[in-house]
Amino acid sequence: NNKAHKMPEIRPLSASLQRTANEELNEVPERLDADILALRTWLQQQPHLRSRSDDQFLVSFLRGCKFSLEKAKSKLDKYYTLRTQFPDFYTIRDVDSQRIRDILQIGVGLRLPIPLHEDGPRLIYVRPGCYPADKYSFEEIMCISHALNGLSIQFDDHAVVHGYVVLLDFSEYTAAHLLQMTPSVVKKMSRFAEDAMPVRDKGTHMIHTNAAFEMSFNLLRSAMSAKQQQRLSVHGSNLASLYEHVPQRYLPTHLGGEQGTIEQLKQDAWNTFMECQQYLREEANYGVDEKLRPGGRCNDYDSVFGVDGSFRKLDID
């Protein structure tokens, strides 16, 4: 079979990104096609799992798991398990929906064009208080965020190799926004980031925080792993301490940086969405069928997340 010796069909990395992939992610370029083949072969043997299997997608999971095949298998399975069990939270079900487009144009989460230190992590600027909380639910905001994160797995080498740094700007954040942050919602966010995303969290920096935020922060922290908690920094409205982590020029224009205005960043996000519509539509073809899972159902996140406002009794055999 002459296919076994084909070169992997993946975007070549810049010299600097390739060096990081080799040094920090255990990538061995000569072994890349064999590693991708091993993951694809495993996928084909999973009757319950319908997954993307192109080289670029699979190499992102391998890189995000530092080339541990076992870890990549586990993340891939959980990635599709969570998206299948809670599609409203993790996927855009109808790419053509006007409501989805309206939320996109509010621009809650905006990727910044220049990576940190030019060739480092992707910066994502998020404004959790900028959408009308009486009109949209936090789930609707998150489904778009998760869908766009899915695009970064496929298309953003800086995110895959270096991870991302999140800037959370709590200007305009109100009690109404806070009320949407139920314990179940918080668990869904932190569990997906930890169990399913092959893109590493390199830190979250919170600015312009207020009283409503303080409450939400304590709730957030309680649902996070110790490792996730260590990556959180709160800077209030004095941005000098932020600049030690993210120099000012890497911020959007209105914060004194060089990354563009909110309007430009929203336009970038819209353009990305329009360019990737077909990709987002195809996402509906992938997922898990628990009835076909070998050894019965084993990934039940329902019991992990519980039902909001009630404590479900756990059946212990």
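An unreviewed UniProt entry lists the protein under the name CRAL-TRIO domain-containing protein, with Drosophila rubida as the source organism.

### Points about the overall build of the protein
When helices and strands are counted, the protein shows 16 helices and 7 strands. If one aligns the C-alpha atoms of the protein with their principal axes, the spans along those axes are about 60 × 55 × 40 Å. Counting across all 317 residues of the protein, residues that qualify as buried make up 53%. The long-range share in the protein, meaning contacts at least 24 apart out of those at least 6 apart in sequence, stands at 77%. Taken as a whole, the protein presents about 15100 Å² of accessible surface, with 52% of it coming from carbon and sulfur.

### Regarding the nonpolar core
If you look at the biggest cluster of nonpolar residues, it comprises 73 residues, and the most contacted ones within it are F57 and Y79. Formed by 17 residues, the second largest nonpolar core is a distinct cluster that contains V165, L167, V246 and Y250.

### A look at the side chain of S60
Mapped onto the secondary structure, S60 falls in helix α3 (residues 55-64). The buried category is assigned to S60, whose relative accessible area is 1%. Ignoring any residue separated from it by four or fewer positions in sequence, one finds S60 in contact with I153, V160 and P198.

### What about the pattern of salt bridges?
Following the criterion strictly, the structure yields 21 salt bridges and no others. As a salt-bridge pair, K291 and D289 come within 3.8 Å of each other at their nearest N and O atoms. The class for K291 is exposed, based on a relative accessible area of 76%. We classify D289 as partly exposed; its relative accessible area is 25%. Ionic contacts of the salt-bridge type, sharing partners, join the residues R52, R83, E282 and E283 into one network.

### Some points on a positive patch on the surface
Residues K66, K71, K202 and K227 make up a contiguous surface patch of positive charge. Residue K71 is classed as partly exposed on the basis of its relative accessible area of 47%.

### What about the pairing of strand β3 (residues 122-126)?
Of all 5 residues in β3, 5 are buried; the element is thus mostly enclosed. The alternating pattern of β3 places R122, I124 and V126 on one face and L123 and Y125 on the opposite face, and all of these are buried.

### Some points on the sheet that holds strand β6 (residues 232-236)
Strand order in the open sheet formed by 5 strands is β2-β3-β4-β5-β6, and the pairing between neighbours is mixed. Across the chains shown, the open sheet's two edge strands, defined by having one partner strand only, are β2 (109-111) and β6. Across the sheet, the axes of successive neighbouring strands diverge by a mean angle of 20 degrees, strand direction being ignored. In this structure, strand β5 (residues 201-207) lies alongside β6, joined through 4 bridges in parallel fashion. Residue pairing in the sheet places H205 in a bridge with S233 of β6. Helix α11 (residues 211-222) contacts β5 and β6 of the sheet and is inclined by roughly 175 degrees relative to β6. Across the sheet, helix α14 (residues 262-275) is in contact with β2 and β3; its angle to β2 comes to roughly 85 degrees.

### Concerning the confidence of the model for the protein
Taken as a whole, the protein shows an average pLDDT of 89; of its residues, 92% reach a score of 70 or greater. Segment residues 1-5 is flagged for pLDDT under 50; beyond a separation of four residues in sequence, or across chains, it makes 1 contact in the model. Long-range and interchain partners of residues 308-317, a stretch whose pLDDT sits below 50, account for 6 contacts in this model, where long-range means more than four residues apart.

### Side note on unusual backbone geometry
Glycine aside, residues mostly have negative phi angles, and peptide bonds mostly take the trans form. A positive phi angle, near 60 degrees, is found at F67, a position not held by glycine. Taking the relative accessible area as the measure of exposure, F67 reaches 11% and is therefore buried. Its identity as a non-glycine residue notwithstanding, H208 has a phi of 55 degrees, on the positive side. Within the fold, H208 resides in the loop between β5 and α11.

Definitions and limits used
- Within each chain, residues carry numbers counting from 1 in the order of the written sequence.
- With pLDDT at 70 or above as the cut-off, local features in this predicted model cover only qualifying residues; side-chain atom pairs require 80 or more to be listed or tallied, and sums for whole chains, interfaces and linings still use all residues.
- Side-chain measures here rest on the full set of heavy atoms in the structure, leaving out hydrogens and waters.
- In this description a helix means any DSSP run of H or I spanning at least four residues, a strand means any run of E spanning at least two, and both kinds are numbered starting from the N terminus.
- Between buried and exposed lies partly exposed: a residue is buried under 20% and exposed over 50% of the maximum accessible area for its type, with that area taken using a 1.4 Å probe on protein chains only.
- Throughout, a residue-residue contact means that at least one pair of heavy atoms, one from each residue, lies within 4.5 Å.
- A 1.4 Å probe and the Shrake-Rupley method give the accessible areas. Residues count as covered only by the protein chains that appear here.
- As used here, the term nonpolar core means buried Ala, Val, Leu, Ile, Met, Phe, Trp, Tyr and Cys residues forming a set that is joined through side-chain atoms within 4.5 Å.
- Each reported salt bridge corresponds to a side-chain nitrogen of Lys or Arg within 4 Å of a carboxyl oxygen of Asp or Glu.
- For patches, a residue must show more than 30% relative accessible area and have no salt bridge; joins then use 9 Å for like charges and 5 Å for nonpolar side chains, namely Val, Leu, Ile, Met, Phe, Trp and Tyr.
- Only four residue types enter the tally: Lys and Arg on the positive side, Asp and Glu on the negative side, with His and both chain ends excluded.
- By convention, the point assigned to a charge is CZ for Arg, NZ for Lys, CD for Glu and CG for Asp.
- Pairing between strands requires that DSSP locate at least two bridges from one strand to the other.
- To obtain each axis, a line is fitted to C-alpha atoms, and for helices this fit is confined to the stretch in contact; angles are then taken between N-to-C directions over 0 to 180 degrees.
- pLDDT is a per-residue confidence score from the predictor, ranging from 0 to 100.

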